[in-house]
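# What the coordinates show
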Amino acid sequence: MGVISLLVAVIGAVACHVALAYGAAADLPWLPIVAAGFEAAMVGGIADWFAVTALFRHPLGIPIPHTALIVERRDKL
């Protein structure tokens, strides 16, 4: 479900930016606001993915400090 939401945010942001740059909808006053909403959804989705991933493993395989806490401290928890 999260992947679908992130995909919708990415597609929406790209569509809004294409419409703003090349489409006839470039003069719509509300379109930049919608584009900003899609961008915010993308940033939030990526941040949520990173936070949840960081609890269980090292994101992207990079051993960032304070990640993979649940795996490393399983006995303590």
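Structure report, in brief. (Residues numbered from 1 in each chain as written. Predicted model: local features only at pLDDT ≥ 70, side-chain atom pairs only at ≥ 80, totals over all residues. Heavy atoms only, no water.)

### Here we look at helix α2 (residues 31-56)
- Across its 26 residues, α2 extends 38 Å between first and last C-alpha, which sits within 8% of the 38 Å expected from 1.5 Å per residue.
- All buried positions along α2 are accounted for by Leu31, Ala35, Thr53 and Ala54.
- For α2, the secondary structure elements touched by its buried residues are α1 (2-22) and α3 (69-72). (Helix = DSSP H or I, 4+ residues; strand = E, 2+ residues; numbered from the N terminus. Expected span 1.5 Å × (residues − 1). Buried < 20%, exposed > 50% of the residue type's maximum accessible area, 1.4 Å probe, protein only. Contact = heavy atoms within 4.5 Å.)

### Some points on unusual backbone geometry
- One non-glycine residue, Leu60, lies in positive phi territory at about 60°.
- Here Leu60 is to be found in the loop between α2 and α3.
- Phi is positive for His66, close to 65°, though the residue is something other than glycine.
- Looking at where His66 falls in the secondary structure, it is placed in the loop between α2 and α3.
- Owing to a relative accessible area of 68%, His66 belongs among the exposed residues under this scheme.

### Structural notes on a nonpolar patch on the surface
- Taken together, the side chains of Ile46, Trp49, Phe50, Leu60, Ile62 and Ile64 define a hydrophobic patch exposed on the protein surface, amounting to about 580 Å² of accessible area.
- Residue Phe50 is classed as partly exposed on the basis of its relative accessible area, which comes to 34%. (Patch = residues over 30% accessible without salt bridge, like charges linked within 9 Å, V, L, I, M, F, W, Y side chains within 5 Å. Areas by Shrake-Rupley, 256 points an atom, 1.4 Å probe, with all protein chains shown as cover. Salt bridge = Lys/Arg side-chain N within 4 Å of Asp/Glu carboxyl O.)

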